[in-house]
Amino acid sequence: MKKNKRYEISYKDAIYKWNKDFINFKTTVEVERTKEIIGQERAVQAIKLGLGLDGMGYNIFVIGLSGTGRTTTIQTMVSKIASKQENPGDWCYVYNFEDPNSPKALHLGAGEGTKLAQAMDRLVETLKVILPSVITSESFQREKKNLQEKFKEKERKIASEFEELLKEKQFTIVQVQMEMGTRSIPMPLIKGKVVDINEIDKLEKEGILKSEDIKKINKDYEDLVSKLENTLLELKEIQNEFEKQFKILIHNVFKPILNQFFTELKMQFPQEEVKNYFDEVQKNILRDPEPFLKSQEEREKKKEDLFLPYKVNVIVDNKMTKGRPIIIEHNPSYVNLFGTIERSFEGRFTSKTDFMQIRAGSLLKANGGYLVANFNDLIQEPGVWHSLKRALRNEKVYILPEDNYFFAPPSQLRPEPIDLKVKVILIGDIATYQLAYYLDEDFKKIFKVLSEFDSSMDCTKENFQSFVQLLAKIIDEENLKNFTAEAVLKVAEYSMKLAGRKGKLSTRFDAVADIMREAHYWAKEEKNDLVEEKNVIKAIREREKRHSLTDDKIKEMILQNILNIETEGKKVGQVNGLTVYDLGYYSFGKPVKITANVSLGQDSIINIEREADLAGNIFKKGSLILAGYLRQTFTKDKPLSINASICFEQSYGEIEGDSASCAEFYALLSAISNVPVRQDIAVTGSMNQKGLVQAVGGINEKIEGFFNLVKEKTLKGTEGVIIPKANLGDLILKEEVLKEIKNGRFHIWAIENITEGVEILFGIPAGKKKKNGQFPNNSLFAKIDKVLQENSKLWKKYK
């Protein structure tokens, strides 16, 4: 056992020693509140580069664990830059008088969009009063009357000439009822009475008219019908000419009035495209002033909005935005991102839409600025990713109608596309980034800047002080009680455990903040003025207790021997390995019984988990390494004449990782040599083909898991865990574990080579080959070598 002491670590090796220079405060009241982003220098530099470059495709993809401050960092950095940049202004849609189905887009200065919409509303209301008053004025009515008299005179002259002709031919005009209404027809007068032209032939038979008279009357009838049609056409032309002249009169009267209004508007909105819009509006009003001349009652009878063409739809309003806009889209659906054209339903199955129902999405609202979205959320929405790529590639946004309405016909409205200049920042994880990078050719062209957020940072004096300043900032923002220096150290220790290594602090600040909030709660329950160390410890314990139901159930099954784990005595071919159960929100370690059986055979080592397809690829690799080491060590002068099987007993799910390869190897060595293994020691570690022991993950959970079990079974003082020496820097153990290590009642051995663990588990050295190729007597490897030699001889007999 004395030899074992050289592999056993001391209490001082197990704990983390805080540098006294780090602690320059008694409570967080004295600590300056940080305003900087900490622990993410690499990520910050990448974001700065992406924000500083305006070239095509220099959008930013941010990866890192949730809670590392990705979104907060982006908001902070982008806000600083955006607030100093020029506001990109507003976007509006207006009526297209040449093509009503293609509304025009107007770009104005910040706040100008609302002003334009209000100005147009005022203009319409003003013209609804002024234009009717103009045409009811005495001067206008006089000109209108003169114009009417002029054309009435022409009508009277034409009508008089036709009447004279009727009189001369002894005809009159009769209104005849037809299917399509009444019609004016010339009819002859015979002896002062109107006779139907179709009945004229009867008069000859009656002797009233002669044949020559009948012929003349029929000829006159045809001439008069033709003349009547020409007369009506002339009268229609006169009427048309009157209406034309009347419109010219109205145009000439309204134009100077409208010129005055639109001159003032053009002074308010000097942009060329807005001036062109005003010209189109003025032309349309002069072309069709009728809506302005109708009474309110007449307008209300109309179902449609007569003044719709003169409205302005402000789809992006940046009047309240300081600098460039920053839009964080939490729900990047197609409509939320790209906008839509809404419908209004007039009945159960009928709907309509117009340019005033165009709605901008977050991409347009961020136009000229920055859009932040989660990549994993975005790619789950149908059509969004391809549409976003197309928009960024073409630098244009098309707002399309959402034609997903049952029985509704597709909308004909196709608004003019809007030029897009936006910096898109996507937040995701490394797996989706790599997948998109290799499978999507456009991805690498559009997102050229990668910003990787680290999950930990070095616990230097500078970083520690920044960390404490961040805690102080959280205290202020969350309105928490201030922490004592000892409580801060305990929070930092918790952060270190999250980071998984001594000398590192986790940058998952959301998890750190959770512990602070919970520690504040327990301090408040105890009515403390400050959060003390014991409050932080209780917060950590209570959190574990809330999440440890599965852990407790498994431990209960072990204590009741439902799961067979032995922690006393020695057994042949049986070793306690250590596994980690990761539930996502909570992870814990538990021992697992690993057994090995050996028989005479020919170089066959079977892993039962592998054969039953319950093993991952890394686990399979670890199992194959065992055979490699055995062949190198024992079979240079003889075959490996064994058949062996290794099994994780009472394990029913898939096993992954190679951290049990050391435990498997010790179980196999015990089975071959028939030398028993200590059951009060658990083993974790990965070995390579040369016998070197490599670091594994979850080292603290594994140690604490075995400790919790032997503590429940009554700790006798001999129990412990063998770990890789490479994991010493990862030890951040609970106080109760450290206490028992300090008292010599729980042990941790750290080994570098597989042979070092042999002495601890078997009580005899592994043995190193001498020059004569033999292992030392009473060594484990000598016993194994002897068994293999005997098996080789036996195998030859059965071969």
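Since the structure is predicted, the reported quantities are computational estimates derived from the model, not experimental observations.

Calculation rules
- By convention here, each chain's residues receive numbers from 1 onward along its written sequence.
- Since the coordinates come from a predicted model, pLDDT governs what is reported: local features require at least 70, and pairs of side-chain atoms require 80 or more to be given and counted, while whole-chain, interface and lining totals use all residues.
- Side-chain metrics rest on all non-hydrogen atoms present in the structure, leaving aside hydrogens and water.
- We define a salt bridge as a side-chain nitrogen of Lys or Arg found within 4 Å of a carboxyl oxygen belonging to Asp or Glu.
- In this description a helix means any DSSP run of H or I spanning at least four residues, a strand means any run of E spanning at least two, and both kinds are numbered starting from the N terminus.
- To sort residues, take the accessible area from a 1.4 Å probe on protein chains only and compare it with the maximum for the residue type: under 20% means buried, over 50% means exposed, and anything in between is partly exposed.
- Structural elements are reduced to axes, namely lines fitted to C-alpha atoms, with helices fitted over the stretch in contact, and the angle between N-to-C directions of any two is expressed from 0 to 180 degrees.
- Orientation categories follow fixed angle ranges, with anything under 35 degrees roughly parallel, anything over 145 roughly antiparallel, 65 to 115 roughly perpendicular, and all other angles oblique.
- Note on definitions: a residue-residue contact is assigned when non-hydrogen atoms from the two residues lie within 4.5 Å.
- Any residue outside Ala, Val, Leu, Ile, Met, Phe, Trp, Tyr, Cys, Pro, Asp, Glu, Lys and Arg is labelled polar, Gly included; the first ten of those are nonpolar and the last four are charged.
- Classification of ring pairs rests on two measures: the distance between centres of Phe, Tyr or Trp rings, Trp counted by its six-membered ring, which must be within 6.5 Å, and the angle between planes, read as stacked under 30 degrees, edge-to-face over 60 and tilted in between.
- Exposure above 30% relative accessible area and the lack of any salt bridge qualify a residue for a patch; like charges then connect within 9 Å, and the nonpolar side chains Val, Leu, Ile, Met, Phe, Trp and Tyr within 5 Å.
- With residues, only the protein chains shown are counted as cover, and all accessible areas are computed by Shrake-Rupley using a 1.4 Å probe.
- By the counting rule applied here, Lys and Arg register as positive and Asp and Glu as negative, while His and the ends of each chain are not counted.
- Charge positions are represented by NZ for Lys, CZ for Arg, CG for Asp and CD for Glu.
- The rule for pairing is simple: two strands pair if DSSP sees at least two bridges between them.

*Asks:* What is the right way to look at the pattern of salt bridges in this model?
*Replies:* Here the structure, examined in full by the defined rule, presents 39 salt bridges. Notably, a salt bridge pairs Asp458 with Lys504, separated by 2.6 Å at the nearest N-O pair. You can see Asp458 sitting in strand E18 (residues 456-458) and its partner Lys504 sitting in strand E19 (residues 504-506), a full 46 residues away along the chain. Relative accessible area serves as the criterion here: at 39%, Asp458 is assigned to the partly exposed category. Under the relative-accessibility criterion, Lys504 is labelled partly exposed at 27%. Glu533 is the partner of Lys490 in a salt bridge, and the nearest nitrogen-oxygen pair spans 4.0 Å. In this pair, Lys490 is assigned in helix H18 (residues 485-499) and Glu533 in helix H20 (residues 533-547), connecting sequence segments 43 residues apart.

*Asks:* Help me understand the packing of helix H17 (residues 461-478) against H18 in this model?
*Replies:* Where H17 meets H18, the axes come as close as 11 Å, and the angle between the chain directions of the two elements is 110 degrees. Between H17 and H18, the angle is such that the two are roughly perpendicular. Contacts from Phe464, Phe467, Val468 and Leu471 of H17 reach H18 at Val488, Leu489, Val491, Ala492 and Ser495. Residues of the contact of H17 with H18, tallied by class, amount to eight nonpolar, one polar and no charged.

*Asks:* Explain the packing of aromatic side chains to me, please; I cannot follow it from the model alone.
*Replies:* Remark: the centre distance and the inter-plane angle together describe each pair of aromatic rings, the angle taken between the planes. Scanning the entire structure with this criterion turns up 32 aromatic pairs. Ring plane angle 70 degrees and centroid distance 5.6 Å describe the contact between Phe61 and Phe443, whose orientation is recorded as edge-to-face. A residue pair is termed long-range when its members are at least 10 positions apart, and Phe61 in strand E1 (residues 60-63) and Phe443 in helix H16 (residues 441-446) qualify at 382 residues. Each of the two residues, Phe61 as well as Phe443, counts as buried. Ring centres of Phe262 and Phe278 lie 6.0 Å apart, and the angle between their planes is 55 degrees; this geometry places the pair in the tilted category. In this pair, Phe262 is assigned in helix H7 (residues 211-268) and Phe278 in helix H8 (residues 272-287), connecting sequence segments 16 residues apart. Like Phe278, Phe262 is buried.

*Asks:* I keep staring at the environment of Glu32 and nothing clicks. Help me out?
*Replies:* Examined against the element boundaries, Glu32 turns out to sit in the loop between helix H1 (11-14) and helix H2 (41-52). Assessed through its relative accessible area of 58%, Glu32 is described here as exposed. For the pair formed by Glu32 and Ala472, sequence separation is 440 residues and the distance between their alpha carbons is 7.3 Å. Beyond its immediate sequence surroundings of up to four residues, Glu32 is in contact with Gln469 and Ala472.

*Asks:* Looking at this model, I keep getting lost on helix H14 (residues 384-394). Mind explaining?
*Replies:* An α-helical segment advances 3.6 residues per turn. Residues three or four places apart therefore align on the same side. Residues Val384, Trp385, Ser387, Leu388, Lys389, Ala391 and Leu392 constitute the buried set of H14. Buried-residue contacts for H14 involve helix H11 (334-338), helix H12 (362-365), helix H13 (375-379), strand E14 (396-397), strand E16 (423-428) and H16.

*Asks:* Any chance you could explain a nonpolar patch on the surface here in plain terms?
*Replies:* There is a patch of nonpolar side chains on the surface, built from Leu435, Tyr437, Tyr438 and Leu439 and spanning about 490 Å² of accessible area. Mapped onto the elements of the fold, Tyr438 is located in helix H15 (residues 430-439). Under the relative-accessibility criterion, Tyr438 is labelled exposed at 64%.

*Asks:* In this structure, what is going on with the packing of helix H5 (residues 138-169) against H7? I would like to understand it.
*Replies:* Helix-helix packing is described using two parameters, namely the angle between the two axes and the distance between the axes. Relative to each other, H5 and H7 sit at 175 degrees, their axes nearing to 10 Å. Classified by the angle between their axes, H5 and H7 sit roughly antiparallel to one another. Residues belonging to the contact of H5 with H7 are distributed by class as follows: 16 nonpolar, four polar and nine charged.

*Asks:* It is not clear to me how a negative patch on the surface should be interpreted in this structure. Could you clarify?
*Replies:* Residues Asp288, Glu290, Glu297, Glu298 and Glu300 make up a contiguous surface patch of negative charge. Per-element accounting of the negative patch gives the leading share, three residues, to helix H10 (residues 296-301). Note on placement: Asp288 falls in the loop between H8 and helix H9 (290-293).

*Asks:* Just to check I follow, could you spell out the sheet that holds strand E2 (residues 90-94) for this structure?
*Replies:* Across a sheet, strands are paired by hydrogen bonds formed along the backbone, either parallel or antiparallel in direction. Spatial ordering of the open sheet is given by E3-E2-E7, a layout of three strands whose pairing is antiparallel. The outermost strands of the open sheet, each flanked by one partner alone, are strand E3 (104-108) and strand E7 (312-316). Across the sheet, the mean angle from the axis of one strand to that of its neighbour is 30 degrees, orientation sign disregarded. Bridge analysis of E2 against E7 gives four bridges, and the strand direction is antiparallel. Bridge pairing in E7 links Trp91 to Val316. Lying on the sheet, H8 is in contact with E2, E3 and E7; it crosses E3 at an angle near 135 degrees.

*Asks:* I tried to follow the pairing of E1 on my own but got confused; where do I start?
*Replies:* Remark: a regular strand shows side chains that alternate across the two faces of the sheet. Every second residue of E1 is oriented toward a common face, with Ile60 and Val62 on one face and Phe61 and Ile63 on the other, all of them buried. The sheet contact formed by E1 and E16 spans four bridges and is parallel. Across the sheet, residue Ile63 finds its bridge partner in E16, namely Gly428. Where E1 lies against strand E17 (residues 449-452), four bridges are found, and the strand directions are parallel. Residue pairing for E17: Ile63 is matched across the bridge by Glu452.

*Asks:* Please explain the sheet that holds E16 as it appears in this structure.
*Replies:* Strand order in the open sheet made by the five strands is E8-E13-E16-E1-E17, with parallel pairing throughout. Every other strand in the sheet has two partners, leaving strand E8 (326-329) and E17 as the edge strands with one partner each. With direction set aside, neighbouring strand axes in the sheet form an average angle of 20 degrees. Examined bridge by bridge, strand E13 (residues 370-374) and E16 share five bridges and lie parallel to one another. Within E16, the residue paired with Val372 across the bridge is Ile425. The strands that H2 touches are E1, E13, E16 and E17; relative to E17, the one it contacts most, it runs at about 155 degrees.

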